[in-house]
Amino acid sequence: MNKENYIPVFDENEMKMVEHHKSKYPAQMAAVMPLLWMIQEKYGWISVDAMRYVGDLLKLPHDHVLGVATFYSMYFKKPTGKYHLQICTNVSCMLCGGYEVFHYISDKLGIKNKEITSDGMFSIEEVECLGSCATAPMLQINNKEFHEKLTLEEVDKLLNNLRNSN
Amino acid sequence: MEKIILKDIPDLDKISVYENNGGYAAWKKVLSQMKPDEVIEEVKKSGLRGRGGACFPTGLKWSFMPKGNDKPKYLCCNGDESEPGSFKDREIFEKNPHQFIEGSLIAAYAMGIKAVYVYIRGEYWKWINIMEECVSDAYKKGFIGENVQGSGYSVDMYIHKGAGAYICGEESSLMNSLEGKRGYPRVKPPFPAAVGVWGNPTTINNIETLANIPEIINKGGEWFSKIGDPKHPGTLLFGVSGHVNKPGVYELPTGIPLMTLINDYCGGVKNGKDIKMIIPGGSSMPPLTKEESLNMKMDAESLKAVGSAIGTAGVMVMDEDTDIVHVLQRITKFYYHESCGQCTPCREGCGWMLKVLNRIMDGTGRHSDLDLLISVAENIEGNTICALGDAAAWPVKWTVRKFRKEFEAKIKEDKADLPAANKVHGLRKSDEYMTISDHAEQGKVEDLMGKVQELTQNEDIKRFSS
Ligand SMILES: Cc1cc2nc3c(=O)[nH]c(=O)nc-3n(C[C@H](O)[C@H](O)[C@H](O)COP(=O)(O)O)c2cc1C
Ligand code: SF4
Ligand code: FES
């Protein structure tokens, strides 16, 4: 599982990235999304302290950053499992077995939507269409790799691989 | 048929391969030989209409931008692609990213824009990385940046990563998101060409729209206007999903028969089954029945004629065994989840429709629920700040109308439940009902009241008609 709590701080290189993001827009408020992404990349999720930190960096009221962070579903406001499995159940996936995949994983890991396994390895989330409808059913891991055209055997393999890659 | 965007050239995503195949020639031609107004004229002549869903004529949209440089102007390229059933822009990022980049540079030049923002949904991590690299390559080759190709024209391009909000595909929400705010749609007017991002004139175009531009410059607007349906010319990137043998993205001329697309390109319906329903343009578009599908042509006007729309050309095919009520419930759940919550009809209406659909799925629906769904949908439609309200209302209204039998089959025949009716009457009289603190319990009683009311009405009707 990602750290329960952390002290948000960017190092020198990361501060250069912050300046780069600010330079892309005519007003620095616009850098709030890229900075929240940087926090999440580094710590796995975005704590309220981290939102305050981003607010201070951009001279924005803290509640503005909170408002932005809570509006977007890909920003995690709580720690997730080491591997956060985002399973699409929208229509095209549903037609091709998206719910079967979701329930299979949920049963196998013994967790429900948005829960984390007790060892902190996995969490699952039912998500909306990820633009992979022709290769349904599918899931995404940690907001990154897509795993498409899933079968239940492949799900087994995937979970084993993730567990063993530890 | 020759393809305009998804050309069969290996490694076309590499800038050198793209250049060797005529890439960036249109950009050079524009910079050295064409005035901005001439570019807009050529695009107008092509008849190109936006591929983001609304089919607005692109040249006309560009001509709304103010001339001159009193204020900075912006181009936002809409790669939010979150409408369920749509996955075509992703194909452009992967197969022909430079043609899109070239198209947006030409668009920027035509409108005197110096900064281009490419908004890509955050889930497209892989394709965002591809695009970052492509933009950086185009800078290195001198196609973007200061004084491009010695023309005196300077332009910058930035990629902005979304973070999971369907609503940010709506153009005014996209602008708020880009500014670093919550993605709330804005009230229009003012339109973006007058007051857009950071209060300045802005044009928003879809990725596929822009990817068409280089070939329009290379081969001429007239050439483009003769491809496909004359009122909606060009090709479309049809994304076909659901119950077909070969789902995928197929670039074909507009006006192609839907059955040709499904049978000749997608290998027909899986397991030789029959079609029950087809959603022709992403989940918000009114569905087609099998009968409507058989003779349907896939272009803006043909679909409009049957009350549907081409949308994003995301075709979702459902076979004879599909549970239509479940499909509509899932679609409605999506819009309920994605409503930004600013307007009461959209926020409350989506929740209400979902609640009703949930109970029909549970087997506790009522016959009056079907008209209720249509009525709620019609009260959302046209009464909201942005078109997400309509997008949520259309599928409900039209699926219930066109597939009413499917819904009725899930509603169990009401039987008079006298003890329950008496209980409700008893409760009504006493103050007990008013003091039930448990919401679940209160809900049960309300449900019963609704049933009793309906039964009484039915009884009245029977009495009067006999
Ligand atoms: C709820 C909603 C979501 C939308 N999502 C997208 C999208 O993901 N991509 C897109 O290009 N247009 C989307 N649009 C349409 C845009 O508002 C806009 O019309 C379009 O980007 C304009 O580009 P075009 O003229 O090139 O089609 C959406 C509209 C609404 C109402
Ligand atoms: S229609 Fe829905 S999504 Fe659009 S602004 Fe209103 S509440 Fe938000
Ligand atoms: S419906 Fe699952 S990716 Fe589109």
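The rules we used
- Residues numbered from 1 in each chain as written.
- Chains lettered and ligands numbered in written order.
- Predicted model: local features only at pLDDT ≥ 70, side-chain atom pairs only at ≥ 80, totals over all residues.
- Heavy atoms only, no water.
- Phe/Tyr/Trp six-rings, centres within 6.5 Å; stacked < 30°, edge-to-face > 60°.
- Helix = DSSP H or I, 4+ residues; strand = E, 2+ residues; numbered from the N terminus.
- Buried < 20%, exposed > 50% of the residue type's maximum accessible area, 1.4 Å probe, protein only.
- Pairing = 2+ DSSP bridges.
- Axes fitted to C-alpha atoms, helices over the stretch in contact; angles between N-to-C directions.
- Contact = heavy atoms within 4.5 Å.
- Domains from an automatic or database assignment.
- Near = heavy atom within 4 Å.
- Areas by Shrake-Rupley, 256 points an atom, 1.4 Å probe, with all protein chains shown as cover.
- 1 Å grid on protein atoms, 1.4 Å probe; cavity = no way out; pocket = protein on both sides within 12 Å on 5 of 7 lines; lining within 4 Å.
- Sits in = over half its atoms within 2 Å of the grid points.
- Nonpolar A, V, L, I, M, F, W, Y, C, P; charged D, E, K, R; others polar.
- Core = buried A, V, L, I, M, F, W, Y, C linked by side-chain atoms within 4.5 Å.
- Salt bridge = Lys/Arg side-chain N within 4 Å of Asp/Glu carboxyl O.
- Points joined across faces, edges and corners; volume = space filled by probe spheres on them.
- Expected span 1.5 Å × (residues − 1).
- Polar contact = N/O pair within 3.5 Å; in protein donor to acceptor, adjacent residues only side chain to side chain.

## Focus: the packing of aromatic side chains
Item 1. Here the structure, examined in full by the defined rule, presents 28 aromatic pairs over all chains.
Item 2. Aromatic pair A:Tyr25 and B:Trp198: ring centres 6.3 Å apart, planes at 55 degrees, arrangement tilted. In this pair, A:Tyr25 sits in the loop between helix 1 (12-23) and helix 2 (32-43) while B:Trp198 sits in the loop between helix 8 (171-178) and strand 4 (202-206), so the two residues belong to two different chains. As far as the burial class goes, A:Tyr25 and B:Trp198 line up, both buried.

## Considerations on the sheet that holds strand 4 of chain B
Residue and element names in this part refer to chain B.
Item 1. Here we have 4 strands laid out as an open sheet, ordered 3-2-1-4, and parallel in their pairing. The sheet is open, and its two borders are formed by strand 3 (156-161) and strand 4, each paired with just one other strand. Ignoring strand direction, the axes of neighbouring strands in this sheet form an average angle of 20 degrees.
Item 2. Examined bridge by bridge, strand 1 (residues 74-79) and strand 2 (residues 115-120) share 6 bridges and lie parallel to one another. The partner of Leu 75 across the bridge, within strand 2, is Val 116.
Item 3. Of the strands in this sheet, strand 2 and strand 3 touch helix 7 (residues 125-140), which is tilted by about 170 degrees from strand 3.

## Brief notes about the domain arrangement of chain A
Item 1. By domain assignment, chain A separates into domain 1 (12-71) and domain 2 (83-164).
Item 2. On a C-alpha basis, the centres of domain 1 of chain A and domain 2 of chain A stand 29 Å from each other.

## What to know about the site of ligand 1
Residues and elements named next belong to chain B.
Item 1. Around ligand 1 there are 18 residues in total, and Gly 52, Lys 61, Glu 81, Asn 206 and Thr 209 lie nearest to it.
Item 2. Out of a free accessible area of 610 Å², ligand 1 has 89% covered by protein chains.
Item 3. Here ligand 1 occupies the largest pocket.
Item 4. Counting residues per element, the shell around ligand 1 draws most heavily on strand 4, which supplies 3 residues.
Item 5. Across the shell around ligand 1, the residue classes tally to 4 nonpolar, 8 polar and 6 charged.

## Things to note about the nonpolar core
Item 1. Counting residues in each nonpolar core, the largest one holds 86 residues, and the members touching the most others are A:Val32, A:Leu36, A:Ile39, A:Tyr72, B:Tyr335 and B:Phe407.
Item 2. Here this core takes 8 residues from helix 2 of chain A, the largest share from any one element.
Item 3. Leave out the neighbours within four places in its chain, and B:Phe407 touches B:Ile324, B:Val325, B:Leu328, B:Leu357, B:Ile360, B:Leu370, B:Thr399 and B:Val400.
Item 4. Within the second largest apolar cluster, 72 residues are counted, among which are A:Cys88, A:Leu130, B:Ile4 and B:Ile213.

## Focus: the pattern of salt bridges
Item 1. Tallied over the entire structure, the rule returns 43 salt bridges over all chains.
Item 2. In this structure, B:Lys67 engages B:Asp37 in a salt bridge whose closest nitrogen and oxygen atoms are separated by 3.6 Å. Highlighted residues: B:Lys67 in the loop between helix 4 (58-63) and strand 1 and B:Asp37 in helix 3 (residues 36-46), separated in sequence by 30 residues.
Item 3. Using a relative accessible area of 44% as the deciding quantity, one classes B:Asp37 as partly exposed.
Item 4. Here the salt bridges share partners, and the residues they tie into one network are A:Glu126, A:Glu128, B:Arg330 and B:Lys333.

## A short note on empty space enclosed by the protein
Residues and elements named next belong to chain B.
Item 1. Here the structure, examined in full by the defined rule, presents 3 cavities of 30 Å³ or more.
Item 2. In this structure, the largest cavity occupies an estimated 90 Å³ of space.
Item 3. The wall of the largest cavity is formed by 13 residues, among which Cys 340, Cys 343, Cys 346, Cys 386 and Leu 388 lie closest to the centre.
Item 4. Across the lining of the largest cavity, the residue classes break down as 8 nonpolar, 5 polar and no charged.
Item 5. Computed from the structure, the second largest cavity encloses a volume of approximately 50 Å³.
Item 6. Taken together, Gly 50, Arg 51, Cys 55, Lys 88, Glu 208, His 232, Leu 236, Ile 310, Gly 311, Thr 312 and Ala 313 form the lining of the second largest cavity.
Item 7. Each residue belonging to the lining of the second largest cavity can be placed in one class, and the counts come to 4 nonpolar, 4 polar and 3 charged.
Item 8. Both domains that furnish three or more residues to the lining of the second largest cavity are identified here as domain 1 (15-225) and domain 2 (235-319).

## Examining helix 15 (residues 324-338) of chain B
Residues and elements named next belong to chain B.
Item 1. A rise of 1.5 Å per residue sets the reference length of helix 15, with its 15 residues, at 21 Å; its end C-alpha atoms lie 21 Å apart and thus fit the reference within 8%.
Item 2. Extensive coverage of helix 15 is indicated by the burial of 11 of its 15 residues.
Item 3. Those residues of helix 15 that sit buried are Ile 324, Val 325, Val 327, Leu 328, Gln 329, Arg 330, Ile 331, Thr 332, Phe 334, Tyr 335 and Glu 338.
Item 4. By the N-cap criterion, in which a side-chain oxygen at the helix start approaches the backbone nitrogen of a residue two or three places on, helix 15 is capped by Asp 323, the distance to Val 325 being 3.1 Å.

## Side note on the layout of surface pockets
Item 1. Size it by volume and the largest pocket reaches roughly 1300 Å³.
Item 2. Around the largest pocket, the lining is made up of 45 residues, and of these B:Gly52, B:Gly53, B:Ala54, B:Gly169 and B:Glu170 lie nearest the centre.
Item 3. Of all the secondary-structure elements, those providing two or more residues to the lining of the largest pocket are strand 4 and helix 18 (388-402) of chain B.
Item 4. Looking at the lining of the largest pocket element by element, the count peaks at 5 residues for strand 4 of chain B.
Item 5. When its residues are assigned to classes, the lining of the largest pocket shows 18 nonpolar, 16 polar and 11 charged.
Item 6. Roughly 820 Å³ of volume is contained in the second largest pocket.
Item 7. As for the second largest pocket, its lining consists of 36 residues, of which A:Ser73, A:Lys114, A:Glu125, A:Glu126 and A:Val127 are closest to the centre.
Item 8. When contributions to the lining of the second largest pocket are tallied by element, the ones reaching two or more residues are strand 1 (83-88) and strand 2 (122-127) of chain A together with helix 15 of chain B.

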